[in-house]
Structures are given as structure tokens and as C-alpha cells.
Amino acid sequence: MSPLQDTYRHQGQRRALARELRRRGIYDERVLAALEAVPRHLFFEPAFEAHAYQDKAFPIGEGQTISQPYTVAYQTQLLNVQPTDRVLEVGTGSGYQCAVLLRLTAHVESIEFNEVLFRRTKAFLAALGATGAGLHCGDGSVGLPDKAPFDGILVTAGAPGLPPALLRQLRVGGRLVIPVGDNQAQRMIRVTREGPESFVREEFETFRFVPLLGASGWRA
Ligand code: SAM
């Protein structure tokens, strides 16, 4: 990992990225400020740092990716995180989305299925000083019952359907943001729990994610 340096040049690149995201339709200034604050280049190997402020996904090893900044901003905007919210992220990956969520609320849990990524990212986030999140290793397609209920659940891998356990772990008023589809494309879905048995589903843009594995995901 690179020495953890954030320079004026990097900050300027993040401002330019935020302008680009605004131009593409991201309007929540809290989300844009969060992306401007998190040094995305530090989540890259030094040799690939030049890719950090381009609006694209990038491999992080283990066949996984750090999501495109537009996707991170889009999902975070849909989640509509309030400062007192308790949020669960499914798919910690590089830890970048987790660090963005930590700018919006101090109450973040994040779960990663891949043990190699889990261990690497846990150590990296500690070195970065982004220590506020509870990090877990396991199948996030069944949520995190011990820490439920959540005001927001954000899934960063493509699911074949809505995982029932994630719906159950939403607080009334809580939102689940999850890409759902096949292995080619997934529609971004937001489900809001409006009452104990009442869920409202909205559909948004189409994306392409790595697959969600596990009990309510795709077969490994
Ligand atoms: N949020 C990540 C970031 O900011 O770098 C991007 C993650 S990547 C697009 C999706 C991640 O979901 C991968 O790291 C993958 O291992 C993880 N994943 C897939 N199925 C999972 C499951 N059932 N539970 C937890 N994590 C899962």
C-alpha cells in the first residue's frame, strides 16, 4: 500500500470528479462532499493510482472491483443516510463505499464474504484511520441479525432477487438499495419499509455489478 498521502493535486482531482458527478445528475451535496472528502487514490495500489479519479470501476484482486464513483454516489444518494442512521453495507470490497458512508453517519456495519479481502481491508481501513465501522466476514445476503434493525442497507453486488432477510432487518422507514438482475445487467431497486408488513419498491437505472454470492445470492 502507498504511504497514505493526500496532496493538493489529489484534492483538486476529487473536486473535478465531484463536478463530473454533479453534471451526470448526482444532486445530494452531502453525498458529493463525502466523495470529495475520501481519498480514493489510497484504495489503489501505487502503480494504478492514476486511475483513482477516473469515473470507472477498477479491479481490487480476488476477482472483485472497487465500484465506479458514479455508482457509489448513486447508491448512497438513494440510501438517503441521516446522521443518526444505522447502516449495513453488504460487500465491503476495498472499503471505499464504507469510508464514504462513515462521512454521513458514525453507525456503519459492513460485511464481506471473501476472507482475503476482508482481512486486507480491515487492516487498510485501520491504517487510514477509518475505524468507526463494524467490519464482519460472512454471507451478507442473510444480513447481520445481531446488529439489526437498520435504517439503511446498501448491497454492492448484483443479486438475483430481493433477499428476504435484508427486508426483515429494515426498521420501519428504512431503505434497502440493491441491484437486482441477471449476470449481464441489474436494475437498481430501492425498497422502503413503510410499515411492519408494508414495503414500497422503486426502480432506477441499470448497472453491471459483480455477483452477490451466498444463501440469497448466486451459487459460488
Ligand atoms: N463496496 C465495495 C467497495 O467500495 O470497494 C465494492 C464491492 S464489489 C463491487 C462487491 C463485493 O461484494 C465484493 O468484494 C464481493 O466479494 C462481495 N460479496 C459478494 N457476495 C457477498 C455476500 N454474500 N456477502 C458479503 N459480501 C459479498
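Overview of the structure.

Conventions we followed
Residues numbered from 1 in each chain as written. Predicted model: local features only at pLDDT ≥ 70, side-chain atom pairs only at ≥ 80, totals over all residues. Helix = DSSP H or I, 4+ residues; strand = E, 2+ residues; numbered from the N terminus. Rg over C-alpha atoms; globule rule 2.2 N^0.38 Å. Buried ≥ 20, exposed ≤ 12 C-beta atoms within 10 Å, placed from the backbone. Contact = placed C-beta atoms within 7 Å. Pairing = 2+ DSSP bridges.

1. Observations regarding the overall build of the protein chain
Next, step 1: When you go through the protein chain residue by residue, the secondary structure sums to six helices and nine strands.
Next, step 2: At 16 Å, the protein chain has a C-alpha radius of gyration in line with the 17 Å of a compact globule built from 220 residues.
Next, step 3: Split into buried and exposed, the 220 residues of the protein chain put 45% on the buried side.
Next, step 4: Partitioning the contacts of the protein chain with sequence separation of at least 6, the portion at a separation of at least 24 is 55%.

2. A few points about the environment of Pro164
Next, step 1: By the secondary structure assignment, Pro164 is in helix α6 (residues 164–168).
Next, step 2: Sequence separation between Pro164 and Val142 is 22 residues; the distance between their C-alpha atoms is 7.8 Å.

3. Description of the pairing of strand β1 (residues 58–61)
Next, step 1: Summarising the sheet, β1 and strand β2 (residues 64–66) pair through three bridges and their orientation is antiparallel. In the strand pairing of β2, Phe58 is matched with Ile66.
Next, step 2: If you look at the hairpin formed by β1 and β2, you'll find two residues sitting between the two strands, and Glu62 has a positive phi there, around 60 degrees.

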